[in-house]
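# Residue-level structure breakdown
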Amino acid sequence: MNNVLSSSVRLRLLEFLIQSAQQLQVRPIVKYSALSLFADRFCPSLSRPSNDKENWLLHPMRESNLQLFSLVSIWISSKIHDSQPLSVKSLKFWGDNMIKEQHFTTRDFLEAEVLLMQALDFEIGTDNIAFKFLEELFVEFEGVARVGQLVNFEAAMDIMDLVYEKEETSTLYYSPRNLASSILVATYVVTVPKQKWEFPVLPWVKFVTSCKEEEILEIVRDILKHIFEPSSCVEELQDSFGFSLGILSHVWALYKWLV
């Protein structure tokens, strides 16, 4: 994603943000908007020259400090999307328990908020993110196909998290509409039993989004590759996703066909 953060640090930071969003019980739109602000925009900005880096929160660039900025991303996102946003007190309490290397005050949270927004040039809109497109596609899909009720939205969000956490696929978030279309297709083949695959999901997605079919298939292939490739055995994925072995076997066969 950039040449400042190592892959291992980046992964730990994203896992921390995702875990924090879950523990703080924020809505999915808050979580994925925060991921967009932090992973897609703030982290890449760290490689650009800036006088702000002389601030102690960014210089030296400690992992604990970046954990603070990930919490601030959740805070900003909550302010955008929630009528009753998270309080800085709740974020500080969580940070005090989870960030072991550094203690941050309420003033540090406020200062980090300003620094993060400056790094984003105060452009904090989150309309153009993959999650929003995916949510809209799911609603449309359920309206046109009975099988849409079988497509597991929780599984789609699990896939979104995996795509973010893997550096090789995180760049897909720079094409949010294509990614959302591909995650819907991938979730369809992962969660809908093969005998119910009667709906032409790929042509439908192509029609409603104007995305190119070959681009969607390429992304679906990459998604399935990064779900399955680290595992030598299909059974290992059952605990992670809760899918039946039969469904996973069909998806494994589809993945082998795609690659």
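Quantities reported herein were computed from a predicted structural model and do not represent experimental measurements. (Residues numbered from 1 in each chain as written. Predicted model: local features only at pLDDT ≥ 70, side-chain atom pairs only at ≥ 80, totals over all residues. Heavy atoms only, no water.)

## Examining the confidence of the model for the chain
Keep in mind that low pLDDT regions are not for reading the predicted coordinates in detail. On average, residues of the chain score 82 in pLDDT, and 83% of them are at 70 or above. Overall, residues 231–252 carries pLDDT values under 50, and its contacts beyond four positions in sequence, including any with other chains, amount to 33 contacts. When the criterion is pLDDT under 50, residues 255–259 qualifies, and its contacts beyond four places in sequence or with other chains add up to 10 contacts. (pLDDT = per-residue confidence, 0-100. Contact = heavy atoms within 4.5 Å.)

## Thoughts on the side chain of D82
Tracing the chain through its elements places D82 in the loop between α3 (63–81) and α4 (88–98). At a separation of 3.1 Å, a polar atom in the side chain of D82 contacts the side chain of R27. The residues contacting D82, other than those within four sequence positions of it, are R27 and V30. (Helix = DSSP H or I, 4+ residues; strand = E, 2+ residues; numbered from the N terminus. Polar contact = N/O pair within 3.5 Å; in protein donor to acceptor, adjacent residues only side chain to side chain.)

## Some remarks on unusual backbone geometry
For Q25, which is not a glycine, the phi torsion comes out positive at approximately 55 degrees. With respect to the secondary-structure elements, Q25 resides in the loop between α1 (7–23) and α2 (28–45). In this model, F122 sits at a positive phi of 60 degrees, which is unusual for a non-glycine residue. Residue position: F122 is located in the loop between α5 (106–119) and α6 (130–144).

## Some details on the side chain of D108
With respect to the secondary-structure elements, D108 resides in helix α5. Of the side chains bearing the opposite charge, R107 lies closest to the buried D108, which forms no salt bridge; the N-O distance is 6.4 Å. A polar side-chain atom of D108 sits 2.9 Å from the main-chain amide nitrogen of T105. (Buried < 20%, exposed > 50% of the residue type's maximum accessible area, 1.4 Å probe, protein only. Lys, Arg positive; Asp, Glu negative; His and termini not counted. Salt bridge = Lys/Arg side-chain N within 4 Å of Asp/Glu carboxyl O.)

## Quick word on the nonpolar core
Counting residues in hydrophobic clusters, the biggest one holds 83 residues, and the most contacted among them are I74 and F141. Counting residues per element, this core draws most heavily on α2, which supplies 10 residues. Among residues more than four places away in sequence, those in contact with I74 are L17, S20, A21, L24, V26, V30, A34 and L86. (Core = buried A, V, L, I, M, F, W, Y, C linked by side-chain atoms within 4.5 Å.)

## Quick look at the pattern of salt bridges
Considering all chains together, one arrives at seven salt bridges under this definition. Its salt-bridge partner being D82, residue R27 comes within 3.1 Å of it at the nearest N-O pair. Of the two residues, R27 sits in the loop between α1 and α2 while D82 sits in the loop between α3 and α4, which places them 55 residues apart along the sequence. For the salt bridge of R221 with E218, the shortest nitrogen-to-oxygen distance reads 2.6 Å. Highlighted residues: R221 and E218, both in helix α11 (residues 213–228), separated by three residues, approximately one helical turn. With relative accessibility at 28%, the residue R221 sits in the partly exposed group.

## Structural notes on α1
Residues spaced three or four apart along an α-helix face the same direction, because each turn holds 3.6 residues. If you check α1, its first and last C-alpha atoms are 24 Å apart, about what 17 residues at 1.5 Å a residue would give, namely 24 Å. Buried residues in α1 make contact with α2, α3, α4, α7 (153–165) and α8 (167–170). Following α1 by one or two positions, Q25 has its phi on the positive side, about 55 degrees. (Expected span 1.5 Å × (residues − 1).)

## Description of the packing of aromatic side chains
Throughout the structure, instances matching the rule amount to 10 aromatic pairs. Ring centres 6.0 Å apart and planes at 25 degrees place the aromatic pair F38 and F42 in the stacked group. In this pair, F38 and F42 are both assigned in helix α2, four residues apart and thus about one turn of the helix distant. Like F42, F38 is buried. For the ring pair F199 and W204, a centre distance of 6.4 Å and an interplane angle of 65 degrees mean the geometry is edge-to-face. (Phe/Tyr/Trp six-rings, centres within 6.5 Å; stacked < 30°, edge-to-face > 60°.)

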